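Coordinate analysis (summary)
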Amino acid sequence: MSTASRLVGACLQAIPNSAHRLQAGSYLLLAVATFAQPGQRPAPHLAFAYPAGGQQGTTFTVSIGGQNLNATAAAHFSHLGLTANILGYERPLTQKEINDLREEQQQLQDKRIAARGDKAKAPFTAKDEARSAEIRALLAKRGNRQISPVLAETVTLEVTIAADAAPGEHEVRLRTPNGLSNPMVFCVGQLREVGEPVQIATSAPRDPRANRETDPRSNRPKTELAVTIPTVVNGQILPGEVDHFRFAARKGQRVVLVAHARSLIPYLADAVPGWFQATLALFDAQGRELAYSDDYRFNPDPVLCYDIPADGDYVVEIKDAIFRGREDFVYRLSIGELPFVTGINPLGAACGGRETFELTGWNLPSDKLALDTKDRRPGTFFVSVRGQTQLSNPVRIALDGHTNTRETEPNNRPDTAQALTLPITVNGRIDRAGDSDVFRFEGKAGAEIVAEVFARRLGSPLDSVLKLTDAAGKTIASNDDYEDKAFGLLTHHADSRLTCKLPADGTYFITVADTQHQGGADYAYRLRVSPPQPDFELRVTPSSVNVRSGASTPLTVFALRHDGFAGEILLGLRNVPRGFALSGARIPPGEDKVQITLTAPFNVSDEVVGLSLAGTGMIDGKPVTHVAVPAEDMMQAFAYKHLVPARDFMADVTGRGAAFRVVTRGVVRLAPGGTTRIQISAPTSRANGAVHFELIDPPAGITIAKSTAGSGDTVNVFIACDPAKVKAGTQGNLLLNGFAERAGPNAAKAKAAPRQSLGAVPAIPFEVAGAPASSAQ
């Protein structure tokens, strides 16, 4: 059983007993709400694109599924070589519309029956026949009331990809009057592309592996499409569906089949294990299974490589692992003699030089790749090799500013340990099953040491374990798995990291091994051993910001701190149009995230603007600045959250908003056990009525005690601070949402007055005072 299949079973068992019992092959489907930012109408949300890409130099139609897509005006791509025209919009029929159509259909049916008795008195015309067919088609296509609202609406695009558009993954977003949507992966390929098959009748015998009582394969409709390789097939799996593709191949060909499913939609909030778990199987013309895959190493998307033994037809099957399916189970399947890199060694190099990398894989033009790193900055990036007609899959390598060295064998015991001089990065490999690599260095008492493996984060199958021992063999520190939130697409963080203050002068040993006792040519790693190197990275969500002119909207900035960096980080905008401003633009010392606000200028409206946000921290007395990577905070399988990087950080300024202003100056000091007054300017209108405020995701123990009208257009908001729940010295920002309540003529009958969200107040920096204080007046 694969890791993904075990996760499916484990997650299904974890669903509370109060939930409906799930039968084999079923899954939970929730209506995941699309929340508007304060003061905004519900923003468009994309759930899938089908097909999820196309070939260079072609024009084709694409269906974008999601929610709140009405009146889509434009599609925005992250690459200039992609453009689109809007062709249409569809949504499910309302129940009233369905009832009206059924009633009209019944009237037409009655008219048809009456016409059989007396055509002269009640003729059933060609127009009636056409309308009857139109109603049947409408009910069949748009009458499904069971579909989840997050998938229900569809926008059809005509997409054109320029012949010179860069191959690989890009992003598409839709823009409506309510703002800009989240990004969705959209691929540019180099091979000819085809669509999925349609259902066909078949007299083939029932699959002998299927149990008719329990296995959906016993009754599934068979689908098949003949394709010519090399090609990319675009498909969509609905419940119980299994797609088949027949292709001709010659003896001696090494055919590679690569599925892209989870890579297109990384996480599903309302499905277990949290993505479309595709499986691939290859059959000969007689239906004998030749190869099967339900993943590729730790990657949920399966890959197959098969050496063709004889000329003839072959069939590839793709389906979901437990026969689930719905509109967002979209895939792209590449088939052919494709170049595919399975391993690269070393996994990185030092900046400022030239390195030759060893390649392993299938259908590669060479087993070597030379790269110039002179103009590269430290970090990770992807490289590909070019086959006869197309690029290989991208593989990730890392560059740093340390001295780099190669691991040398034999070094699997302390007496043959490889000597290191710190700081250093070792490029090594666990060459065989059960192998381990041992390194030694000299250390001083009290010295802080960081040892960190980069392997899984760079695509290596190594599941590392680290151990630090002294000269006597005593274990000083060890680590198996270390979570790096910068890599939001990983669900098993298998790299190791340990930190230690050395207890005495002497010789120390670091051992690298695989926890599963596996090894081989592809089990490469990079081991960094050095004193702590404090640093940080930034992520900002959401990547699509919708804000009204003159108004404010919340952003969340995450600080990914490294090697003990705990200082404050000052945030600011870079190279954006004049008038945009941040409030609360500071991550306090030791905090991992902060909510801030972005305020749009009054003179910008109905415009999409590119944003850039950066943060500066003081490290070793010097300012260090990093640009924040835009990201989506995505949910997996009802519970888990991941920061998934996006390519662009964009703001859509739509219409005019409420221009709240914080009258209280500076950092607000909250009084433990008391209340603190914050004064807010809240311009009102007769249409809005009275303005009230509520806190947005406040820290536990911080609440609004009361609000009172101030002088002019101001409102006094009194913040209560519970000393039992909030520690003295706590810092951050308070975010408030303004809303209006209008009593109206029927207020007495209503349970609650109608509310209208007016928008966010600019973020208010706060600090909890050190001792309880009396309430403010």
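Numbering of residues begins from 1 in every chain and follows the order in which that chain's sequence is written. Only residues with pLDDT of at least 70 are given local features in this predicted model, and only at 80 or more are side-chain atom pairs given and counted; all residues enter the totals for whole chains, interfaces and linings. Heavy atoms throughout the structure, all of them, feed into the side-chain values; hydrogens and water do not.

Okay, the overall build of the protein next. What the protein contains, in helices and strands, is three helices and 58 strands. Accessibility here uses a 1.4 Å probe with only protein chains present; expressed as a share of the type maximum, an area under 20% marks a residue as buried, one over 50% as exposed, and anything in between as partly exposed. Expressed as a percentage of its 777 residues, the buried residues of the protein come to 49%. Restricting the contact set of the protein to residue pairs at least 6 apart, pairs at least 24 apart contribute 71%. Per-residue and other accessible areas were derived by the Shrake-Rupley procedure at a 1.4 Å probe size, with only the shown protein chains allowed to occlude residues. Approximately 36100 Å² of the protein is accessible, and the part contributed by carbon and sulfur atoms is 50%. Elements are defined by DSSP. Helices are runs of H or I of four residues or more, strands are runs of E of two residues or more, and each kind is numbered from the N terminus. Contacts: residue pairs with any heavy atoms within 4.5 Å of one another.

This brings us to the environment of Gly-336. Considering the arrangement of structural elements, one finds Gly-336 in strand S19 (residues 330–336). Among the residues examined, Gly-336 registers a relative accessible area of 0% and is labelled buried. Not counting chain neighbours up to four residues away, the residues in contact with Gly-336 comprise Ile-229, Pro-230, Arg-254, Val-255 and Val-256.

Bringing the sheet that holds strand S24 (residues 379–383) into the picture now. Only strands joined by at least two bridges in the DSSP assignment are considered to pair. Here three strands make up an open sheet; going across it, the order is S21-S25-S24 and the pairing mixed. Edge positions in the sheet fall to strand S21 (348–350) and S24, since each has one partner strand and no second. The sheet shows a mean angle of 30° between the axes of neighbouring strands, taken without regard to direction. In the sheet, S24 pairs with strand S25 (residues 395–400) via five bridges, with the strands oriented antiparallel. Among the inter-strand pairings, Phe-382 is bridged to a residue of S25, identified as Arg-396. The angle between two axes is taken between their N-to-C directions and runs from 0 to 180 degrees, where each axis is a line fitted to C-alpha atoms and a helix contributes only its stretch in contact.

Of the pairings in the sheet, the one linking strand S53 (residues 702–709) to strand S54 (residues 714–721) comprises seven bridges and is antiparallel in character. The residue of S54 that forms the bridge with Thr-708 is Asn-716. Connecting the antiparallel pair S53 and S54 is a turn made up of four residues, with Gly-712 showing a positive phi of about 60°.

A word on unusual backbone geometry. The omega angle of the peptide bond from Glu-409 to Pro-410 is -5°, so this bond is cis rather than trans. Following Leu-422, the chain continues into Pro-423 via a peptide bond in cis, with omega recorded as -5°. Relative to the helices and strands, Pro-423 resides in the loop between strand S27 (418–419) and strand S28 (424–429). Unlike most non-glycine residues, Asn-68 shows phi in positive territory, near 60°. Relative to the helices and strands, Asn-68 resides in the loop between strand S3 (59–67) and strand S4 (74–77). The class for Asn-68 is partly exposed, based on a relative accessible area of 21%.

Tracing the backbone shows Gln-236 in strand S12 (residues 231–236). For the purposes of these results, a polar contact is taken to be a pair of N or O atoms within 3.5 Å, where, inside protein, one atom must be able to donate a hydrogen and its partner to accept one; residues adjacent in sequence count only when each atom of the pair is a side-chain atom. Within the local environment of Gln-236, its side chain forms a polar contact with the backbone oxygen of Glu-327, the two atoms lying 2.7 Å apart.

An order of S41-S39-S44-S45 is seen for the four strands of this open sheet, with the pairing classed as antiparallel. The open sheet has two edge strands with one neighbour each: strand S41 (586–587) and strand S45 (622–627). Where strand S39 (residues 569–573) lies against S41, two bridges are found, and the strand directions are antiparallel. Counted as the bridge partner of Ile-569 is Ile-587 from S41.

Turning our eyes to something else, we now look at the side chain of Ser-543. With respect to the helices and strands, Ser-543 occurs in the loop between strand S36 (535–541) and strand S37 (544–549). Those residues in contact with Ser-543, other than ones at most four positions away along the chain, are Arg-173, Pro-183, Pro-630, Ala-631, Glu-632, Ala-646, Asp-648, Phe-649 and Met-650.

Take the nonpolar core next. Nonpolar side chains in soluble globular proteins tend to be buried together. Core analysis: the largest hydrophobic core is formed by 61 residues, its most contacted members being Phe-186, Phe-247, Val-316, Leu-333 and Ile-335. The residues contacting Val-316, other than those within four sequence positions of it, are Asp-243, His-244, Phe-245, Phe-247, Leu-257, Leu-280, Ala-281, Leu-282, Leu-333 and Ile-335. Remark: nonpolar core denotes a set of buried residues (Ala, Val, Leu, Ile, Met, Phe, Trp, Tyr, Cys) joined through side-chain atoms within 4.5 Å. Of all hydrophobic cores here, the second largest spans 28 residues; its members include Phe-536, Leu-538, Val-545 and Ile-596.

Next up on the list: helix H2 (residues 95–117). A helix is expected to span 1.5 Å for every residue after the first. Across its 23 residues, H2 extends 34 Å between first and last C-alpha, which sits within 8% of the 33 Å expected from 1.5 Å per residue. When H2 is considered as a whole, its buried residues turn out to be Ile-98, Leu-101, Gln-105, Leu-108, Arg-112 and Ala-115. Residues of H2 that are buried make contact with helix H3 (126–142).

On to the packing of aromatic side chains, then. Pairs were defined over the aromatic rings of Phe, Tyr and Trp, the Trp ring being its six-membered one, requiring ring centres within 6.5 Å. Orientation was assigned from the angle between planes: stacked under 30 degrees, edge-to-face over 60, tilted for the rest. For the structure shown, the criterion picks out ten aromatic pairs. For the ring pair Phe-60 and Phe-186, a centre distance of 6.4 Å and an interplane angle of 5° mean the geometry is stacked. Taken together, the residues Phe-60 in strand S3 and Phe-186 in strand S9 (residues 184–189) connect sequence positions 126 residues apart. Both residues of the pair, Phe-60 and Phe-186, count as buried. Among the aromatic residues, those joined into a cluster by ring pairs are Phe-60, Phe-77 and Phe-186. Note that Arg-376 overlies the ring of Phe-381, its terminal NZ or CZ placed 4.0 Å from the centroid. Over the ring of Tyr-482 we find Arg-497; its NZ or CZ atom is 5.3 Å from the centre of that ring. Distance and angle both matter: a charge sits over a ring if NZ of Lys or CZ of Arg is within 6 Å of the ring centre and within 35 degrees of the ring normal.

The subject of this paragraph is the pattern of salt bridges. Salt bridges are identified by distance alone: a Lys or Arg side-chain nitrogen within 4 Å of an Asp or Glu carboxyl oxygen. According to the stated counting rule, one finds 37 salt bridges in the structure shown. Close ionic contact of Arg-406 with Glu-355 constitutes a salt bridge, the shortest N to O distance being 3.0 Å. One end of the pair, Arg-406, is in strand S26 (residues 403–406); the other, Glu-355, is in strand S22 (residues 354–362), with 51 residues separating them in the sequence. On the basis of relative accessible area, Arg-406 is assigned to the partly exposed category, the value being 32%. The network of salt bridges with shared partners includes Glu-452, Arg-457, Asp-484, Asp-495, Arg-497, Arg-528 and Asp-563.

Residues three or four positions apart in an α-helix share a direction because the helix packs 3.6 residues into each turn. Over its 17 residues, H3 runs 24 Å from end to end, which matches the ideal 24 Å to within 8%, given 1.5 Å per residue. When we look at burial in H3, the residues that qualify are Asp-128, Ser-132, Ile-135 and Arg-142. Along the axis of H3, the buried residues cluster in a sector spanning 135°; they form a single face. Turned more than 90 degrees off the buried face of H3, the exposed positions are Ala-126, Ala-140 and Lys-141. Looking at the buried positions of H3, the neighbouring elements they touch are strand S5 (82–90) and H2. Directions from the helix axis toward the C-beta atoms define the arc.

Turning our eyes to something else, we now look at the packing of H2 against H3. Viewed as axis vectors pointing N to C, H2 and H3 meet at an angle of 145°, and their least axial separation amounts to 10 Å. Read as a crossing pair, H2 and H3 show a hand that is left-handed. On H3, the residues that touch Ile-98, Leu-101, Arg-102, Glu-104, Gln-105, Leu-108, Lys-111 and Arg-112 of H2 are Asp-128, Glu-129, Arg-131, Ser-132, Ile-135, Arg-136, Leu-138 and Leu-139. A class-by-class count of the residues in the contact of H2 with H3 yields six nonpolar, two polar and eight charged. Two helices crossing with the near one rotated counterclockwise from the far one by less than a right angle form a left-handed crossing, whereas a clockwise rotation gives a right-handed crossing. Gly falls in the polar group here, along with every residue not listed as nonpolar (Ala, Val, Leu, Ile, Met, Phe, Trp, Tyr, Cys, Pro) or charged (Asp, Glu, Lys, Arg).

Before going further, it helps to spend a moment on the environment of Ala-709. As for its placement among the helices and strands, Ala-709 is situated in strand S53. Setting aside residues no more than four positions away along its own chain, Ala-709 makes contact with Thr-714 and Asn-716.

When pLDDT drops low, the exact placement of atoms in the prediction is not to be read closely. pLDDT is a residue-level measure of predictor confidence that goes from 0 to 100. When pLDDT is averaged along the protein, the result is 87; 87% of the residues meet or exceed 70. Low pLDDT (under 50) marks residues 198–221, which in the prediction has 31 contacts with non-local residues, meaning those over four places away or in another chain.

Topologically, Glu-289 is positioned in strand S16 (residues 289–293). Glu-289 gets classed as partly exposed once you look at its relative accessible area, which sits at 39%. Residues Glu-289 and Val-316, spaced 27 residues apart in sequence, show a C-alpha to C-alpha distance of 9.5 Å.

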